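Now for the letters of each chain:
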Amino acid sequence: MPDTPAPQQPPQPPPLALELLVHGVAGAAPAELLGDPRTVRVTGDSTAAVFRRTDDADAEAHPERYAGRPVPEAYCWSRLTSGNGARALWLLLLPFMVANLAHWARPATSAARPAPRAVRAYGVLVRVLALSLTVLLIAAACEVALDLVAWQCAGNAPCTRSRSWLGFLAPGAGWWAQPGRRLALAALVPAGLTGLLWFLSNRTWSAYESQPPPAGAPDPDTASDTAPALGRPGFWYGRRLVARLRAAHTAAGLLTVAVAVAVPTLRQDRRAGAPVLEALGWAVHVLLAAGALSVAWVVCRRGRTEARPDHRLDRAAVSLLPGATLALLAAVLLYACWSRPAWTSAGRLPGDFAFGVLMLGQGVCVLALAVVASSLYRRAPDPSAALYGLGGPAVAMLGCALGGVMSGGLAQRVADWLDGGATPGMAGAPLPGPPVLLSWQAAVLPPLLLVLALLAAWFAVRGARDRRRLAASVAGEYPGETPDPARSRRIAGARTAAALTDSAPWFVAAVSGITLLLGAGALAGAWLTGQVPGEAARGTLPLLEGAARAAEDAGSWLIGLGVAVFVTWGRRAYRDPAARRTIGILWDVGTFWPRAAHPFAPPCYAERAVPDLTWRMAGWTGRTGGRLVISGHSQGSVLAAAAVWQLPPPVRGRVALLTYGSPLGRLYGRWFPAYFGPGPLTALHGELDCWRNLWRATDPIGGPALPGAAAGVDRGPLPDPIAYGRSARHPLPAPILGHGDYQADPAFAAERDALLARLAPPAPARVPRPAGTAGVPGQAVSPVSPVSTAPAAPADPPGTAG
């Protein structure tokens, strides 16, 4: 009997392909990203989610419908960095964010010369600098609440008569009239501010940054020490360090308030000859010094642990330190409330020296940071790094300048409000005003703005010259076109404006250097004269005296106006997408990075977005066995690259990366060379062969990802505009697209399809899905699981990542 031929199996449909779109800083609605008004949320919540077109919701059940094309879906994360107008108040934390950026702007190291001690020293210096900014903010609040209001105005009869709400603090008004009790009551304001910062940091951690990475991330026991940092399992989960720093900064804020109350109180007890109270005051000062040493030890002892997700907490530091300092503050307030009938308030509280020490310490810290950064750069020179490795110290200097300007501006504006029409610190003013140093800081602002205006004018002149030079050759890039001078000028102008981004490091260097010099001059002037600039220049040359007075007055008003405009602009940017594009890139770069140096900085959205993307890619490829291209625009390309770095190697082999308008090399690579420099990006390309990057010369943000023609990753510059003049194919003038609409370029679809074709068609074993298992019918279960059962490794040594 002849053999019966086996029945033919129906042909299996090709594995599904998925295109995961990630938008940039301006954000985009799912309908805009997917080109269809009907969308459905596949996974996620109201803050960040993955969407598909309604017709594609069941794509896994019908792969035959998608032969030759991928299923598009969009990850929308814009609500992580935008929302209601109240979030504009985060802009007041800008100095903290800038200080946190300085941590990540560290120069790169090489495998041959890793320099772990220098890396740790760099991290310690940045954390100390960040701590000084917290102390500065709380000290400014103490200056306003304790010195200007409770000490100067409440102790001045004309000031209290014009402000009825201070009447109960006026001399002779009752129990609260004694200076110590007034200070204790006013101390609740900076103490409450410290508590608010702690609450916001704790709440935003729970809302944004408490997302654990996939358990299938690279095993920390087998990971190489030279692996790029963004591929380490614990990079996007810094709970332990943030909790430690939050406790230390909270304690530092409370200690600052306690010192502001205890120092004048002890001074009065020494002057009055009260031995018991004086002894109690000295005991309090000893406890305050011990608390300060404990805070410094917690801040300096440990840096980031990136080799593994560190779920542990240092209970002693996290719980005992803030609690002990809160109890100590309560004891100080009780000590200040003790009856001292002979005590009267006159002059200023002792704050000049404290603000001077803070400013001097910050300057010394920035200079030390520059020395360490130069040492690291010399070990592994990188010509593409911003300012030859000094980008971190320059950014740190800007953070200190912002902190000084904002704190000084707050004190100046309140003093101006309290003393009526007089100028704080000048002869005849009813109140002494804020510390002299803050007036000197305000006085240096007009010269700084003048220098910035001259720099901007120089860049404008240079840009105009470059535009004329480029305009002469634009038409030649479009063969067969008749030259149009106006059209050439517009195209050349777009390219010239985009090229200004590459000059930003030198602009930052100029601002930082000038700020350092002017700050040193302000500190010297305040300490040598002990008077505000207008008084210090009295009796000198009329021109000098007038300039000093004008600079002091103008600086005070400029600071107040700048803070008001800053908050208004930020509020509008969160509500108006068009305004958001103006500052979105700078803000999103700042909040992309984890809070490694300052726990009160605005929350890091990437600690939510990167695990979201990693889980989605690992989960989808594991369930379906399909191919995936993650397609990121602008800041979305940075999130996409960071997520790909976190994928387990088997999953990474089924994923392609398409970036366009990407700041990976142009901005991140220059400013953060240790994490996005040529070395790490080249390593990413080695681990992910399927990667293409599109860029235009008219794009002020995007650029090549890798230097030179490294393995064909970069394709560009793409022609922009597509057509020079009118033609049968382009009857209307083609727009200059710049940073937007990369998907409209024919190169986009061509490169995406080529990437998917390069991914080797997988042949996973089709494991039957057990009955009752949740999932989409017809999906294959890949033997590659995104879940790892590797045992926990021992803790890293302190400060392994700086």
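Anyway, here's the lowdown on the structure attached to this text. This is a predicted model, so every value here is computed, not measured.

Procedures and definitions
Residues numbered from 1 in each chain as written. Predicted model: local features only at pLDDT ≥ 70, side-chain atom pairs only at ≥ 80, totals over all residues. Heavy atoms only, no water. Helix = DSSP H or I, 4+ residues; strand = E, 2+ residues; numbered from the N terminus. Buried < 20%, exposed > 50% of the residue type's maximum accessible area, 1.4 Å probe, protein only. Contact = heavy atoms within 4.5 Å. Areas by Shrake-Rupley, 256 points an atom, 1.4 Å probe, with all protein chains shown as cover. Patch = residues over 30% accessible without salt bridge, like charges linked within 9 Å, V, L, I, M, F, W, Y side chains within 5 Å. Salt bridge = Lys/Arg side-chain N within 4 Å of Asp/Glu carboxyl O. Lys, Arg positive; Asp, Glu negative; His and termini not counted. Charge placed at Lys NZ, Arg CZ, Asp CG, Glu CD. Disulfide = S-S within 2.5 Å. Pairing = 2+ DSSP bridges.

## Looking at the overall build of the protein
For step 1, the next point in the chain: Regarding its fold elements, the protein presents 25 helices and eight strands.
For step 2, the next point in the chain: For the protein, the proportion of its 802 residues judged to be buried stands at 53%.
For step 3, the next point in the chain: Partitioning the contacts of the protein with sequence separation of at least 6, the portion at a separation of at least 24 is 79%.
For step 4, the next point in the chain: For the protein, the computed accessible surface area is about 33800 Å², with 65% contributed by carbon and sulfur atoms.

## What to know about a positive patch on the surface
For step 1, the next point in the chain: On the surface, Arg465, Arg467, Arg468, Arg489 and Arg490 cluster together into a patch of positive charge.
For step 2, the next point in the chain: Of all the elements in the fold, those that place two or more residues in the positive patch are helix H13 (445-474) and helix H14 (485-499).
For step 3, the next point in the chain: In terms of residues, the positive patch owes the most to one element, H13, which gives three residues.
For step 4, the next point in the chain: Assignment of secondary structure puts arginine 465 in helix H13.
For step 5, the next point in the chain: The partly exposed category is assigned to arginine 465, whose relative accessible area is 44%.

## Quick word on the state of the cysteines
For step 1, the next point in the chain: One pass over the structure, following the stated rule, counts one disulfide.
For step 2, the next point in the chain: Shown here is the disulfide that connects cysteine 153 with cysteine 159, its sulfur atoms set 1.8 Å apart. The disulfide joining cysteine 153 to cysteine 159 has a torsion of about -90° about its S-S bond and is therefore left-handed.
For step 3, the next point in the chain: Residue classification places cysteine 153 among the buried residues on the basis of a relative accessible area of 0%.
For step 4, the next point in the chain: Here cysteine 159 falls in the buried class, since its relative accessible area comes to 4%.
For step 5, the next point in the chain: Lacking any disulfide linkage, cysteine 365 is separated from the closest cysteine sulfur, that of cysteine 400, by 7.6 Å.
For step 6, the next point in the chain: Exposure remark for cysteine 365: the relative accessible area of 8% places this residue in the buried category.

## Side note on the pairing of strand E6 (residues 655-660)
For step 1, the next point in the chain: Of all six residues in E6, six are buried; the element is thus mostly enclosed.
For step 2, the next point in the chain: In E6, alternate side chains face the same way, and those of Val655, Leu657 and Thr659 on one face and Ala656, Leu658 and Tyr660 on the other are all buried.
For step 3, the next point in the chain: Pairing of strand E5 (residues 627-633) with E6 involves six bridges; the strand directions are parallel. Of the residues in E6, the one forming a bridge with serine 631 is leucine 658.
For step 4, the next point in the chain: Relative to strand E7 (residues 691-696), E6 runs parallel, the two being bridged by four bridges. Residue pairing in the sheet places threonine 659 in a bridge with asparagine 693 of E7.

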